[in-house]
Amino acid sequence: MAKFKLDEVDHQILDMLIDNTRTPFTDIAKKLLISAGTVHVRVKKMEDAGIIKGSSLTLDYVKLGYSFIAYVGIFLEKTHQTKFVLERLNQIPYITVAHITTGKFNIFCKIRAKDTKHAKDIIFKVDDIDGVSRTETMISLEESINDKRRLMHTIFNDL
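Note that this is a predicted model, so its numbers are computed, not measured. (Residues numbered from 1 in each chain as written. Predicted model: local features only at pLDDT ≥ 70, side-chain atom pairs only at ≥ 80, totals over all residues. Heavy atoms only, no water.)

For Gly54, the location among the structural elements is in the loop between helix 3 (36-48) and strand 1 (68-76). Relative accessible area serves as the criterion here: at 58%, Gly54 is assigned to the exposed category. Once the C-alpha coordinates of Gly54 and Lys110 are considered, the two residues, 56 residues apart in sequence, prove to be 22 Å apart. (Helix = DSSP H or I, 4+ residues; strand = E, 2+ residues; numbered from the N terminus. Buried < 20%, exposed > 50% of the residue type's maximum accessible area, 1.4 Å probe, protein only.)

Written as structure tokens, this is what we have:
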């Protein structure tokens, strides 16, 4: 598949949308001194090319009572059980991310919980899945870096 070419206007549009996905196209147009129709067409082209995949909402989980984050490394009895285990993990709503990995773990997950007791209950559910031989858990003390903009700017500069 050919690489989609982004120009400086596309970069600026993406930069504003990364800051706030709800920014009206008219506001973007005013700041960039282009028409709202141009913004709409460019965003549509980036969506059609698969560069923009929807938009997301950022929640403050601490305010919602889910301040505990842990990472769980999962060891499987057999690697062919990966798909089955992932299907079961997907049924646990507190598992927000799961990766198939190389190295020490077969699967690496991020969980979000209310507190340590809640996290323990989630981890025990993971341990009870057929095919899971054991888990190792690391507690996040603080999310120090979560910055999509730095990556986007680096990608833009590499293009």
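Moving on to the UniProt feature "domain: HTH asnC-type" (unreviewed entry) in the protein. Residues annotated by UniProt as "domain: HTH asnC-type" (unreviewed entry) correspond here to residues 6-67. Taken end to end, residues 6-67 comprises 53% helix and 0% strand; its first and last C-alpha atoms sit 38 Å apart. (UniProt positions renumbered as here; feature names shortened; annotations may be inferred.)

All chains considered together, the criterion is met by 4 aromatic pairs. Taking 5.1 Å as the distance between ring centres and 65° as the angle between the ring planes, the aromatic pair formed by Phe75 and Phe105 counts as edge-to-face. Of the two residues, Phe75 is situated in strand 1 and Phe105 in the loop between strand 2 (95-100) and strand 3 (107-113); the sequence distance between them amounts to 30 residues. Of the two residues, Phe75 and Phe105, both sit in the buried class. What links up through ring pairs into an aromatic cluster is the set Tyr71, Phe75, Phe105 and Phe108. Cation over ring: Arg134 sits above Phe75, and NZ or CZ is 3.9 Å from the ring centre. (Phe/Tyr/Trp six-rings, centres within 6.5 Å; stacked < 30°, edge-to-face > 60°. Lys NZ or Arg CZ within 6 Å of the ring centre and 35° of its normal.)

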